[in-house]
Amino acid sequence: MIARIGHAVAPPVLRIALALPFFRSGFTRWDGFLSISAGTQFLFKEQFKLHILGGEYPFPAPDITAFIVAIAEIALPLLLLAGLATRFTATALLIMTGVIQLTFPDGWANFHLYWASIALAIMALGAGPMSLDCLIAKLWHRADSTLS
């Protein structure tokens, strides 16, 4: 019984836990509808650097990168909260976490390890029964069985 409760409750809790930090960050990126804040543009052009093999490298096309990140930090958490394309979304957030780790190498123990662990758990468990993924699968299965 404990396992059944865990299988029902863990996926939405994991989805919320991973969505929140990205969603909060996403809100700081905008000055209005499709208008990236000057602070975000400055960060991607001047402050954020990728730390790779002992060197620091600027982000490629920082304006475009900032825009893509700003959209991803809003859209991916919304998909995750809804439980839609959940495994794909968790994979995308895991990749973002990896890039964030390269940008802030000291953040591993405080944030990035937890985000990566949650993303991997979601990738393994899926969206769970309280999700649009589950509803779509049930409707798909029902439609498929009525056609047979």
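One structure accompanies this document, and this report is about it.

Conventions we followed
Residues numbered from 1 in each chain as written. Predicted model: local features only at pLDDT ≥ 70, side-chain atom pairs only at ≥ 80, totals over all residues. Heavy atoms only, no water. Axes fitted to C-alpha atoms, helices over the stretch in contact; angles between N-to-C directions. Helix = DSSP H or I, 4+ residues; strand = E, 2+ residues; numbered from the N terminus. Parallel < 35°, antiparallel > 145°, perpendicular 65-115°, else oblique. Left-handed = near helix turned anticlockwise from the far one by under 90°. Contact = heavy atoms within 4.5 Å. Nonpolar A, V, L, I, M, F, W, Y, C, P; charged D, E, K, R; others polar. Salt bridge = Lys/Arg side-chain N within 4 Å of Asp/Glu carboxyl O. 1 Å grid on protein atoms, 1.4 Å probe; cavity = no way out; pocket = protein on both sides within 12 Å on 5 of 7 lines; lining within 4 Å. Points joined across faces, edges and corners; volume = space filled by probe spheres on them.

**What about the packing of helix 4 (residues 86-103) against helix 5 (residues 108-125)?**
Step number 1: Two elements in contact, helix 4 and helix 5, have axes whose closest approach is 8 Å; the angle formed by their N-to-C orientations is 160 degrees. With respect to their mutual orientation, helix 4 and helix 5 come out roughly antiparallel. You can see that helix 4 and helix 5 cross each other, and the crossing is left-handed. Residues Thr86, Arg87, Ala90, Thr91, Leu94, Thr97, Ile100 and Gln101 of helix 4 touch helix 5, and the partners they reach there are Trp108, His112, Trp115, Ala116, Ala119, Leu120, Ile122, Met123, Ala124 and Leu125.
Step number 2: The residue inventory of the contact of helix 4 with helix 5, partitioned by class, reads 12 nonpolar, five polar and one charged.

**Notes on the pattern of salt bridges**
A side chain with one charge may pair with a side chain of the opposite charge, provided their charged atoms come close.
Step number 1: Here the structure, examined in full by the defined rule, presents two salt bridges.
Step number 2: Where Asp63 meets Lys45, a salt bridge forms, and the shortest distance between an N and an O atom there is 3.3 Å. Note that Asp63 is positioned in helix 3 (residues 62-82) and Lys45 in helix 2 (residues 38-47), a separation of 18 residues in sequence.

**Let's talk about the packing of helix 1 (residues 2-27) against helix 3**
Step number 1: Interhelical geometry of helix 1 versus helix 3 gives an angle of 155 degrees and a closest axis separation of 8 Å. Viewed along their axes, helix 1 and helix 3 adopt a mutual orientation that is roughly antiparallel. The two elements helix 1 and helix 3 cross, and the hand of that crossing is left-handed. Only Glu73, Ile74, Pro77, Leu78, Leu80, Leu81 and Ala82 of helix 3 make contact with helix 1, whose side of the interface consists of Arg15, Ile16, Leu18, Ala19, Phe22, Phe23, Ser25, Gly26 and Phe27.
Step number 2: Of the residues belonging to the contact of helix 1 with helix 3, the class tally is 12 nonpolar, two polar and two charged.

**Thoughts on the layout of surface pockets**
Step number 1: As a volume, the largest pocket reaches approximately 380 Å³.
Step number 2: Considering the residues around the largest pocket, the lining is formed by 21 residues, among which Phe44, Val69, Glu73, Met96 and Ile100 are closest to the centre.
Step number 3: Contributing elements (two or more residues each) for the lining of the largest pocket: helix 1, helix 3 and helix 4.
Step number 4: Class assignment for the residues of the lining of the largest pocket results in 16 nonpolar, three polar and two charged.

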